[in-house]
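Chain and residue survey
Next come the chains, spelled out residue by residue.
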Amino acid sequence: MKRAMGNLLAIMLGLLATGLLLEGVLRFFPVNEGLRTQPVNAAFPLHHFQPDRTSTWSRFADFSLHNQVHANNYGFLNDQDYDPDAPLPLVAVIGDSFVEAAMLPYTQTLQARLAQAMQDKARVYSFAASGAPLSQYLAYSGYACTAFHAERLIIVVVGNDFDESLKRYADMPGFHYFEEQGDDLVLRLTDYAPSWATRLARHSRLALYLFTNLRIQDLPGRLTQPSDATQATFAGQTRAEADEQRLTLSRRAVDAFLARLPEATGLATQDVLFVLDGVRPQLYQDGFPGNAEHSYFWKMREYFSRKAQDKGFRLVDMQPLLLEQYRSTGQRFEFERDAHWNSAGHALAAQAVLESGLLDAYR
């Protein structure tokens, strides 16, 4: 018995020593330190991060994609501090991780490029978080207009923004979702408060590495999924399968979003520009569009584009722009192991916005 207890103690001490060693070693690597989402509830019903904090962001076990990011005085990833009383007119850029853009330097982002182009004529602020769908864009847009008096909105729309606006398909704490109530869709906030385990893990390099870089919480799914499954079943960063229920409910979410946006913001439809992503990576393939025309994102792109323009909103369709530049130069618009826009993608989006006419009054 004593020998067994001694062996157990030796194992525990060995594990502790190994953990401490790894904790020390990982301090020399760009471990993803997390953005530290703040509590979201009725008192402050908007997803944001710990303000006034610069941190390391990275992806993958080998840190092959890493960057330094800054959360400003309002807790959004932007190198500028926001001032609701600043005299220059405001243009707000709204989106999810494509606008949050933690994977590349701020100066290369859509919003930074627009801010540079509008220098001394208009401000450009961004309001975004990874995982945000159309329903959350409604909340961000209202906030940008009521708290900061935005005069123009630019909203980036990507493949998973439609169905994930519905609570039945996504329910991440800290975001607003459309909840079905009979024939109506009601906008509901899902509260968020970091657990004690999350708060504790934020202080451990080893825990951060395991959960943010290695993502051990996703390991079971990765082990059971074939290596080519993503290519076969995804189109435009969302599931390619276009079943009728998913399409019908997604169209309802689009209708609710477009109908409520003018009231939430107080803006005329022509003061809002949607930047609609293309079906990547399928657009790089020979014979495009081919089967891409049958995918969920293709069908939802068509629906969203038609409905938005019918209501008088401005819209830039990135797909022909991406396709033309790719066929001309061979340039791809995402990272090798990450589907978000790279610097070239953000540059093309910024050029398209500047040519859309939305910002002509400030140039």
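The shown structure was predicted, so the numbers you read here are calculated from the model rather than taken from an experiment. (Residues numbered from 1 in each chain as written. Predicted model: local features only at pLDDT ≥ 70, side-chain atom pairs only at ≥ 80, totals over all residues. Heavy atoms only, no water.)

Evaluated as defined, the whole model comprises 24 aromatic pairs. Ring centres 5.1 Å apart and planes at 75 degrees place the aromatic pair Phe76 and Phe127 in the edge-to-face group. A residue pair is termed long-range when its members are at least 10 positions apart, and Phe76 in the loop between strand E2 (65–71) and strand E3 (90–95) and Phe127 in strand E4 (residues 123–128) qualify at 51 residues. A relative accessible area of 2% places Phe76 in the buried class. When the centroid spacing of 5.9 Å and the interplanar angle of 55 degrees are considered together, the rings of Phe257 and Phe274 count as tilted. Here the residue Phe257 occupies a position in helix H9 (residues 244–265), and Phe274 occupies one in strand E8 (residues 272–276), the gap between them amounting to 17 residues. Both residues of the pair, Phe257 and Phe274, belong to the buried class. Through a chain of ring-to-ring contacts, three or more aromatic side chains come together here, namely Phe44, Tyr74, Phe76, Tyr82, Tyr125, Phe127, Tyr140, Tyr143 and Phe148. A cation sits over an aromatic face here: Arg301 above Phe297, 5.8 Å from the ring centre. In this structure, Arg337 is placed above the aromatic ring of Phe60, and the distance from its NZ or CZ to the ring centre is 4.0 Å. (Phe/Tyr/Trp six-rings, centres within 6.5 Å; stacked < 30°, edge-to-face > 60°. Helix = DSSP H or I, 4+ residues; strand = E, 2+ residues; numbered from the N terminus. Buried < 20%, exposed > 50% of the residue type's maximum accessible area, 1.4 Å probe, protein only. Lys NZ or Arg CZ within 6 Å of the ring centre and 35° of its normal.)

To continue, consider the side chain of Thr109. With respect to the helices and strands, Thr109 occurs in the loop between helix H2 (97–100) and helix H3 (110–117). Taking relative accessible area as the criterion, Thr109 reaches 1% and is therefore assigned buried. From its side chain, Thr109 meets the backbone nitrogen of Ala112 in a polar contact 3.2 Å long. Those residues within four positions of Thr109 in sequence are excluded, and the remaining contacts are Ala101, Leu104 and His346. (Polar contact = N/O pair within 3.5 Å; in protein donor to acceptor, adjacent residues only side chain to side chain. Contact = heavy atoms within 4.5 Å.)

Now for unusual backbone geometry. In the segment running from Arg280 into Pro281, the intervening peptide bond is cis, with an omega of 0 degrees. Secondary-structure assignment places Pro281 in the loop between E8 and helix H10 (296–310). In this structure, the amide linkage connecting Phe288 to the following residue, Pro289, adopts the cis form with an omega of 10 degrees. A positive phi angle, near 80 degrees, is found at Phe60, a position not held by glycine. As for its placement among the helices and strands, Phe60 is situated in the loop between strand E1 (53–59) and E2.

A separate point is empty space enclosed by the protein. Counted according to the given criterion, the structure contains 1 cavity of 30 Å³ or more. Elements represented by at least two residues in the lining of the largest cavity include exactly E1 and E2. With 3 residues, the single largest contributor to the lining of the largest cavity is E2. A per-class count over the lining of the largest cavity returns 5 nonpolar, 2 polar and 1 charged. (1 Å grid on protein atoms, 1.4 Å probe; cavity = no way out; pocket = protein on both sides within 12 Å on 5 of 7 lines; lining within 4 Å. Points joined across faces, edges and corners; volume = space filled by probe spheres on them. Nonpolar A, V, L, I, M, F, W, Y, C, P; charged D, E, K, R; others polar.)

Burial analysis of E8 places 5 of its 5 residues in the buried class, which makes it a mostly covered element. Note that strand E5 (residues 150–157) and E8 share 5 bridges and pair parallel. Residue pairing across strands places Val156 opposite Val275, the latter belonging to E8. Note: E8 against strand E9 (residues 314–317), 4 bridges, orientation parallel. In the strand pairing of E9, Val275 is matched with Val316. (Pairing = 2+ DSSP bridges.)

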